[in-house]
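Summary of structural features
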Amino acid sequence: MACVKKHIIVANWKMYVEKPDTAKHFASVLRRRMRSFKNADVLVAPPFLLIPTVAAAFKMKGKKNATVRLAAQTVSAKTDGKHTGEISAPMLKNAGVSAVIIGHSERREAGEGEVDIHAQVESANASGLVAILCVGERERDPSGSHFNIIAEQLSSALKNSKMPKFIIAYEPVWAIGKSAEQAMKPAELQETVIFIRKTLADILGRAPALKTPVLYGGSVDATNARELLRDGGASGFLVGRASADIDSFIELLNVCQKP
Ligand code: PGA
């Protein structure tokens, strides 16, 4: 079992939060309430346009060891030059971001491939950003071929990296954006978390594999979080829909305090 002290909870707002006022309210309330969530390391990943608003509300620039931090939802693998519409890792770093979600299934669906994902991890790490690397199968089958897919995604994103700084977010695609009852069951999650650690040990060695947090994502909310944490062996969650509203997110954080 990994020696992860705090649960890591990442709020992936996707495009759910649209307005600066909503983002500001969320960030201010969360920052005030963080004192009650000592067991949680919380990251909020707004859409790019809302990053400065959230950074200002967190008043986090230059502060070390803040318990609530900023993440981004994706990053360009390019660092400068003629790349219209791209946002680079150094730009995110300058905006106060400390981690970035990479390889989310919705980005893979939009065309990002394994080569892009590997380059994004490298670029994020080179700027001092932690990569929140998403892996997960589209569907499960009784022969267990979904394990091969997860292993290939891990291997292609991390191989040949020197000491990558990353967190794994295991997100079975079939469980994303559904109801809490349709999330993965804790026993299946536990089996997959063990498989991910074993695969990481093969790629990077046992010590980094044990230290790497493995989050779960896919229809997590306050009603299923406790059992997923307690019986699923995850180090925390990557949360979509339930993270877009401050009340449901606080409710979820409350549950994660007492697994
Ligand atoms: P969900 O999204 O919590 O809405 O299922 C999770 C994710 O895609 O990161």
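Our structure's up above, just so we're on the same page.
In this report, the structure presented in the accompanying data block is examined.

A word on the site of the ligand
Close to the ligand lie Asn12, Lys14, His104, Glu171, Ile176, Gly177, Gly218, Ser219, Leu238, Val239, Gly240 and Arg241. Arginine 241 is positioned such that a nitrogen or oxygen atom in its backbone is 2.9 Å from an oxygen atom of the ligand. Computed on the free molecule, the ligand has an accessible area of 280 Å², of which 99% lies beneath the protein chains in the complex. Its residues placed into classes, the shell around the ligand shows 3 nonpolar, 6 polar and 3 charged.

Some points on a positive patch on the surface
Taken together, the side chains of Lys6, Arg31, Arg35, Lys38 and Lys59 define a basic patch exposed on the protein surface. Note that arginine 35 resides in the loop between α1 (20-33) and β2 (40-45). Taking the relative accessible area as the measure of exposure, arginine 35 reaches 67% and is therefore exposed.

Quick notes on unusual backbone geometry
Backbone geometry at lysine 14 places phi at a positive 50°, although glycine is not the residue there. The phi dihedral of serine 219 falls on the positive side, at around 60°, and the residue is not glycine.

Some words on the sheet that holds strand β8 (residues 236-239)
Here 8 strands make up a closed barrel; going around it, the order is β1-β2-β3-β4-β5-β6-β7-β8 and the pairing parallel. With direction set aside, neighbouring strand axes in the sheet form an average angle of 30°. The pairing of strand β3 (residues 68-72) with strand β4 (residues 97-102) spans 3 bridges and is parallel. By the bridge assignment for β4, alanine 72 is matched with valine 100. Of the strands in this sheet, β1 (7-12), β2 and β8 are in contact with helix α10 (residues 246-257), which crosses β1 at around 165°.

Details of helix α2 (residues 51-58)
Regarding α2, the residues found buried are Ile51, Val54, Ala55, Ala57 and Phe58. Along the axis of α2, the buried residues cluster in a sector spanning 165°; they form a single face. Summarising the geometry of α2, the exposed residues directed more than 90 degrees from the buried face are Pro52 and Ala56. On its buried side, α2 packs onto α1, β2, β3, α3 (89-94) and β4.

Calculation rules
Residues numbered from 1 in each chain as written. Predicted model: local features only at pLDDT ≥ 70, side-chain atom pairs only at ≥ 80, totals over all residues. Heavy atoms only, no water. Near = heavy atom within 4 Å. Polar contact = N/O pair within 3.5 Å; in protein donor to acceptor, adjacent residues only side chain to side chain. Areas by Shrake-Rupley, 256 points an atom, 1.4 Å probe, with all protein chains shown as cover. Nonpolar A, V, L, I, M, F, W, Y, C, P; charged D, E, K, R; others polar. Patch = residues over 30% accessible without salt bridge, like charges linked within 9 Å, V, L, I, M, F, W, Y side chains within 5 Å. Salt bridge = Lys/Arg side-chain N within 4 Å of Asp/Glu carboxyl O. Lys, Arg positive; Asp, Glu negative; His and termini not counted. Charge placed at Lys NZ, Arg CZ, Asp CG, Glu CD. Helix = DSSP H or I, 4+ residues; strand = E, 2+ residues; numbered from the N terminus. Buried < 20%, exposed > 50% of the residue type's maximum accessible area, 1.4 Å probe, protein only. Pairing = 2+ DSSP bridges. Axes fitted to C-alpha atoms, helices over the stretch in contact; angles between N-to-C directions. Contact = heavy atoms within 4.5 Å. Arc of directions from axis to C-beta.

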